[in-house]
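Each chain, written out:
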Amino acid sequence: MNILITGGTGFIGSTLCSRLLEEGNNKIVILSRHSEKIKPPIQAIAELNELKDNDAFDVVINLAGEPIANKRWSDQQKYQIFSSRINTTKKLIAYLETLENKPKLLISGSAIGYYGIDKTDAVIEEKDNGDNSFSSELCQKWEAVALKAEKLGIRTCLLRTGIVLGKNGGALNKMLLPFKMYLGGRIGNGKQWMSWIHIDDLIGIILHCINHDNLKGAVNGTSPNPVTNQAFTKTLGTVLKRPTIFPMPALVVKLLMGQMGEELLLAGKQIRPKKALDAGYIFKYKTLEEALINAV
């Protein structure tokens, strides 16, 4: 296949590229501001207008976006998070409109933040709605732009990614140091849900979307077995052979991280990957302990 990827140098994108190259005859072009990170046989471009008129892609995978949890959410940072996703996706749709030979599939990134921060223990599936929190409105608007590809006759999957666990990147990389230094503990009351997924299974779901024409619309990129923050903390401590006796009170999270901490650390929902399961995807890592043993 010929595949165009935006955001291909990030944790998910770079892992996806490695997997696609392992499969054999895939040709990959990456749109990135960091072309120096991209090595042959992958082709790097800085702008979509560098593509030639006769370039034809079977699949486009849109993963571009400013990391959402790197900095406190000032107004400027919120704008950067928003514009890096929306503007890239708008440019991508405009590019697709010009093509005579359109791709069969667009997979566009999103996140389980779509479902919002209202506290509930209910099981959430792709049919459920969001709210007016920043993370939910960001995902709603991002997805709305991507869905314009459907009017062009392009099957579109919206990958609502959970907390991605894997070696040398993602959310886990930021959690390990305090745990290894014996400072790990639950966040807030620990009852908030953490809908996680191992990086290998997230890549597996992406490939499943490519290979199964019946998959379209929102697809949850999460494990079928979410856990509470308290359970996650205990399991990570067990895997690292460290105690988990230093909780981070909700007040401290709010003071240090503001809205970002409230939405990303103190809120959480029990997300089920119904569409992936219904389409026959078999998870490699079904339990959190298995995933963490591989990822740490």
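Keep in mind it's a predicted model, so treat the numbers as computed, not measured. (Residues numbered from 1 in each chain as written. Predicted model: local features only at pLDDT ≥ 70, side-chain atom pairs only at ≥ 80, totals over all residues. Heavy atoms only, no water.)

J.: Would you mind going over the pattern of salt bridges in detail, with residue names and values included?
T.: Inspection of every chain in the model, using the stated rule, returns 6 salt bridges. Two residues, E143 and R160, come together in a salt bridge whose shortest N-O distance is 2.8 Å. Note that E143 is positioned in helix α3 (residues 134-146) and R160 in strand β7 (residues 155-161), a separation of 17 residues in sequence. Of the residues examined, R160 reaches a relative accessible area of 3% and is grouped as buried. Residues R155 and D213 are paired through a salt bridge, measuring 3.6 Å at the closest nitrogen-oxygen approach. Note that R155 is positioned in strand β7 and D213 in the loop between α5 (199-211) and β11 (217-221), a separation of 58 residues in sequence. Since its relative accessible area comes to 15%, R155 is described here as buried. (Salt bridge = Lys/Arg side-chain N within 4 Å of Asp/Glu carboxyl O. Helix = DSSP H or I, 4+ residues; strand = E, 2+ residues; numbered from the N terminus. Buried < 20%, exposed > 50% of the residue type's maximum accessible area, 1.4 Å probe, protein only.)

J.: Summarise the packing of aromatic side chains; cite the residues concerned and give the values.
T.: Tallying each qualifying case throughout the model produces 3 aromatic pairs. Taking the centre distance of 5.4 Å and the plane angle of 80° together, the rings of Y114 and Y115 count as edge-to-face. A centroid spacing of 5.0 Å and a plane angle of 85° characterise the contact between Y281 and F283, whose relative ring orientation is edge-to-face. There is no split in this pair, since Y281 and F283 are both buried. The aromatic ring of F134 is capped on one face by K78, whose charged end is 5.3 Å from the ring centroid. Its end group placed over the ring of Y114, R160 keeps NZ or CZ at 3.5 Å from the ring centre. (Phe/Tyr/Trp six-rings, centres within 6.5 Å; stacked < 30°, edge-to-face > 60°. Lys NZ or Arg CZ within 6 Å of the ring centre and 35° of its normal.)

J.: An account of a nonpolar patch on the surface is needed here, citing residue identities and associated values.
T.: Together, L177, M181, L183, I245 and F246 give the surface a local cluster of nonpolar side chains, amounting to about 530 Å² of exposed area. As for its placement among the helices and strands, I245 is situated in the loop between α6 (229-240) and α7 (250-264). Overall, I245 belongs to the exposed group, its relative accessible area being 58%. (Patch = residues over 30% accessible without salt bridge, like charges linked within 9 Å, V, L, I, M, F, W, Y side chains within 5 Å. Areas by Shrake-Rupley, 256 points an atom, 1.4 Å probe, with all protein chains shown as cover.)

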